[in-house]
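# Commentary on secondary and tertiary structure
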Amino acid sequence: MTAPVPPPSPTARWRRRAGWTAAGMLAALVAGLAACEVLGWPFLRPPLERQLAQRLQREVAIGSDFRLRLLGRLRVHTDQLRIGSPAWAAEAGQAPDFVQAQGVHLALSYAALLSAWRQHGDEAPPLRIQALEVDTIKATLWRLADGRANWQLGPPPPANRPSTRPQVPAFGRLVVGQGRLRYDDAMQRIQLRAEARTDEGRQAGGQAHGLLVTGEGRWRDARVEFRLAASGALPLVAPDHGARPVPVTLRASAGRATYTFEGHTVDVLRLQGFDGAFTARGDSLAAAGAPWGITLPSTPPFQLHGRLAKDGAVWQATVRQATVGRSRLAGRFTFDRRPEVPLLSGTLNGDRLVLADLGPAFGAGGGTDRRTARASVLPRREFNLPALRAMDADVRVDLRELDLGTAYLRDLRPVGAHVRLQDGVLRVEDLSATTSGGTLQAGLVLDSRPDVPRWDVNLALSGVRLEQWLQARNPRAEQARSGQPAPPYVTGVLGARAAFQGQGRSTAAMLGSLQGTASLWVREGQLSHLVVEASGIDLAETLGLMLSGDRQLPMQCAVMRFVAREGLLRSELGLVDTPDTTVLINGNVSLAQEQLDLQVMAHPKDFSPLSLRSPIRLHGSFSQPQVQLDAGRIGLKVLAAAALAAITPLAAVIPLIDPGGATTQGCEQALQRLRSARTGQPAPAAPGKP
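Residues numbered from 1 in each chain as written. Predicted model: local features only at pLDDT ≥ 70, side-chain atom pairs only at ≥ 80, totals over all residues. Heavy atoms only, no water.

## A word on the overall build of the chain
Quick reminder of the rule: Numbering of helices and strands runs from the N terminus, with a helix taken as a DSSP run of H or I at least four residues long and a strand as a DSSP run of E at least two residues long. Throughout, exposure labels follow a simple rule: accessible area from a 1.4 Å probe, protein chains only, divided by the maximum for the residue type, with under 20% read as buried, over 50% as exposed, and the rest as partly exposed. For this analysis, residues touch if any pair of their heavy atoms sits within 4.5 Å. A 1.4 Å probe and the Shrake-Rupley method give the accessible areas. Residues count as covered only by the protein chains that appear here.
Helix and strand counts for the chain stand at 13 helices and 35 strands. Here the chain holds 690 residues, and the buried ones make up 43% of them. Contacts in the chain between residues at least 24 apart in sequence constitute 53% of all its contacts with a sequence separation of at least 6. For the chain, the exposed surface amounts to about 36,100 Å²; the carbon and sulfur share of it is 57%.

Written out as structure tokens, the structure is:
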């Protein structure tokens, strides 16, 4: 017989009841949580509105059809969601709403929510949202000229504090049935209106698209229209790593330029992993680059083809073919927006650059006053100086040919230069070119920082064979009459040096303030006898040469020197000395007034019964020059006065001439003959003359 079981002690009974009570309470809690989870926690809507309004510093309203799921991740559904603009928006006269949405389904992880809760402001990383589906959404984004913007969530920022661009969240999945965006940015002068929809591969307009965005507005000073379509699977706004590229097509117009792009991206809305083929065409490269903050020169109509890629804030363009006017170019460029001042770098190359295609960059064409444009030859349209301060640049130039645009001069080939733009100062350095056996070296600096911009240019030309560079031929030469190829009018080795400074807001203003000097010379040269006699109005010799055939005379000395002061280019020396005649060129050219006043005077060294010895005068405006005989100044006194005036500058130019043996000696002899006109001493005999 078993012993009876003792009754439980009071403590045990209490513990048992407590356990059952706890189990019941836990079961009730679980049941309550399960019920709340099933019902969607509707009672949390008011406190959630208050917490969000406090955190975002603006009104937040959530629709009555509200459901919240907490298990695993945070999931929210509401029939309506409204987020207002900051309280100070009304004082600024701006729209009261920031975002209005219907049919919102949101899913995000607790880790992302905690990170966003701890970090906020302009420097916070973008919020990572696992999924967002919206039936309709309307967003209004604006930024005032003082930098305050309605996308700055949290406490109001101080005035005049620059704001960053709106942060776009990173989405794992984004579906928008119908969306409208209004974006007004007074700081960047941007006004856009856009409509968007996503459909995850469903039919949209007869084609399957992941995203379709259309819009229009103004981007700075240009009117823009755009259409972006991304097909295939999303994410549209993807995480930084591991996203799969999706095909994307973009067609846009801005001002007078149009753009197309076909390629792929891993992040459609932020254009990350952007890579594909592009085309661009328009009236001018300057107009095409201006809306995007890229400083390009004014040009004739252009068309570009190449490949475009974007990695973070760095754009890379490989231009396989660029047709600009009649120029044929190419290049590889990088545009980096990470520095405070964006930087354009790369290499410009190509088969041919036509000099006339650079005319618009210097103000040629497009004058605003037609009467002034007809009367003026020098471009008066002002440069776009603010564009020189919008970015920096470091571009190498490597061209096969520079077409001078005339049949009378041989082109330069090849041409190289280094173009740098920094802090509003444009420098063209190491400019070098070759032609006709010689070289051209030059440098240019344009400083746009002063109220009146300043520029400097230096140029050196050496070893250029004139018979190769000058394409004009003499059909009256003896060789041409005998059936041989016509020779050139002039031969020899050309050299030159120039250094000028100026200031102004246009090409005309800069040339009108010209200061500096220029010298040029020809050594080992020959000149058409017919040209020499014509310069002296020697009718007898000229007629004889036209009947018998032209011959070339050696140029014992051929030099010119100009001095510029306040836009007045004055000839200090212009002398061509041959065994037959000494030709002097005198006068000035006013770049400020666009007027000519030059004289060509010839002193034959032999007797001619029909030599008028009258100066030939070239005068008038650049647009309507006139050539006539200066009949009122016929005589030797005029020639003697010009000869005496040429002594000092000729003595200064002779040391500059490349060592040429006979040429240098010939100029020294010409100098002695000029001095003899003053002293009365016999002049040395010219070579080939008794």
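This is not the end of the story, as more comes after the structure.
## Quick word on the packing of aromatic side chains
Put simply, the rule is: Between rings of Phe, Tyr and Trp, where Trp is taken as its six-membered ring, a pair exists when centres lie within 6.5 Å; planes separated by under 30 degrees are stacked, by over 60 edge-to-face, and by other angles tilted. In this scheme, the term charge over a ring applies when either NZ of a lysine or CZ of an arginine sits within 6 Å of the ring centre and within 35 degrees of the ring normal.
Taken as a whole, this structure holds five aromatic pairs when the rule is applied. Aromatic side chains Trp 151 and Tyr 183 sit 5.9 Å apart centroid to centroid with 15° between the ring planes, which places their arrangement in the stacked category. Here the residue Trp 151 occupies a position in the loop between strand 6 (131-143) and strand 7 (170-171), and Tyr 183 occupies one in strand 8 (residues 174-185), the gap between them amounting to 32 residues. As far as the burial class goes, Trp 151 and Tyr 183 line up, both buried. Above the face of the Phe 98 ring, Arg 58 is positioned so that its terminal group lies 5.4 Å from the ring centre. One cation-aromatic arrangement involves Arg 148 over Trp 88; the distance from NZ or CZ to the ring centre is 4.6 Å.

## Overview of the side chain of Thr 435
Note on placement: Thr 435 falls in strand 24 (residues 425-435). Residue classification places Thr 435 among the buried residues on the basis of a relative accessible area of 9%.

## Overview of a nonpolar patch on the surface
Put simply, the rule is: Any residue with relative accessible area above 30% and no salt bridge may belong to a patch, with like charges joined within 9 Å and the nonpolar Val, Leu, Ile, Met, Phe, Trp and Tyr side chains within 5 Å. Here, a salt bridge means any side-chain nitrogen of Lys or Arg that lies within 4 Å of a carboxyl oxygen of Asp or Glu.
A contiguous nonpolar surface patch, about 360 Å² in accessible area, is contributed by Leu 26, Leu 29, Val 30 and Leu 33. Structurally, Leu 26 is set in helix 1 (residues 10-39). Accessibility expressed as a relative area gives 52% for Leu 26, which makes it exposed.

## Looking at the pairing of strand 6
As a reminder, the rule being used: When DSSP finds at least two bridges between two strands, those strands are taken to pair.
Pairing geometry for strand 4 (residues 97-108) and strand 6, over eight bridges, is antiparallel. By the bridge assignment for strand 6, Ala 101 is matched with Ile 137.

## Looking at the nonpolar core
Selection rule: By convention a nonpolar core is built from buried Ala, Val, Leu, Ile, Met, Phe, Trp, Tyr and Cys residues, the set being connected through side-chain atoms within 4.5 Å.
Core analysis: the largest hydrophobic core is formed by 59 residues, its most contacted members being Tyr 259, Phe 302, Leu 304, Leu 412, Leu 494 and Met 555. Non-local contacts of Leu 304, meaning those with residues more than four positions away in its chain, are made with Phe 278, Thr 279, Ala 280, Leu 285, Val 319, Gln 321 and Ala 322. Leu 388, Leu 421, Phe 562 and Leu 596 belong to the second largest nonpolar core, which has 25 residues in total.

## Description of the layout of surface pockets
Filter applied, for reference: The method works on a 1 Å grid over the protein atoms by themselves. A cavity is a set of points holding a 1.4 Å probe that cannot get out, a pocket is an open set with protein on both sides within 12 Å along at least five of seven lines, and residues with an atom within 4 Å of a point line them. Grid points are joined across faces, edges and corners, and a volume is the space filled by probe spheres set on the points. Classification used: nonpolar for Ala, Val, Leu, Ile, Met, Phe, Trp, Tyr, Cys and Pro, charged for Asp, Glu, Lys and Arg, polar for all others including Gly.
A volume near 600 Å³ is recorded for the second largest pocket. Lining of the second largest pocket is provided by 24 residues; of these, Met 560, Val 576, Val 583, Ile 585 and Val 600 occupy positions nearest its centre. Elements represented by at least two residues in the lining of the second largest pocket include exactly strand 27 (490-503), strand 28 (515-528), helix 9 (529-535), strand 30 (557-565), strand 32 (581-590), strand 33 (595-604) and strand 34 (616-621). The biggest single contributor to the lining of the second largest pocket is strand 30, with four residues. Here the lining of the second largest pocket is built from residues that sort into 22 nonpolar, two polar and no charged.

## A closer look at the pairing of strand 23 (residues 415-422)
Note that strand 21 (residues 392-399) and strand 23 share seven bridges and pair antiparallel. Considered in strand 23, the bridge of Leu 399 is made with Val 415.

## Comments concerning the pattern of salt bridges
According to the stated counting rule, one finds 24 salt bridges in the structure shown. For Asp 336, the salt bridge is made with Arg 338, and the minimal N-O distance between the two is 2.9 Å. Owing to a relative accessible area of 13%, Asp 336 belongs among the buried residues under this scheme. Across the pair Arg 420 and Glu 429 runs a salt bridge, and its minimum N-O distance is 3.0 Å. Here Glu 429 falls in the partly exposed class, since its relative accessible area comes to 25%. By sharing partners, the salt bridges in this structure join Glu 59, Arg 82 and Asp 97 into a single network.

## Comments concerning the side chain of Lys 310
Applied cut-off: Polar contacts, as used here, are pairs of N or O atoms within 3.5 Å; protein pairs need one atom able to donate a hydrogen and one able to accept it. Residues neighboring in sequence count only if both atoms are side-chain atoms.
Along the chain, the position of Lys 310 falls in strand 17 (residues 302-311). A distance of 2.5 Å separates a polar atom in the side chain of Lys 310 from the backbone oxygen of Gly 312.

## Points about the environment of Val 589
Here Val 589 lies in strand 32. Note: C-alpha distance between Val 589 and Gly 567 (22 residues apart in sequence) is 8.4 Å. The residues touching Val 589, leaving out its near neighbours within four places in the chain, are Gly 567, Leu 568, Leu 569, Gln 595, Leu 596, Leu 598 and Phe 622.

## A look at helix 2 (residues 45-56)
Defined as follows: Under the convention used throughout, the expected extent of a helix is 1.5 Å for every residue step, that is, one less than its residue count.
The first and last C-alpha atoms of helix 2 sit 16 Å apart over twelve residues, in line with the 16 Å expected at 1.5 Å per residue. One or two positions beyond helix 2, positive phi appears at Gln 57, with a value near 60°.

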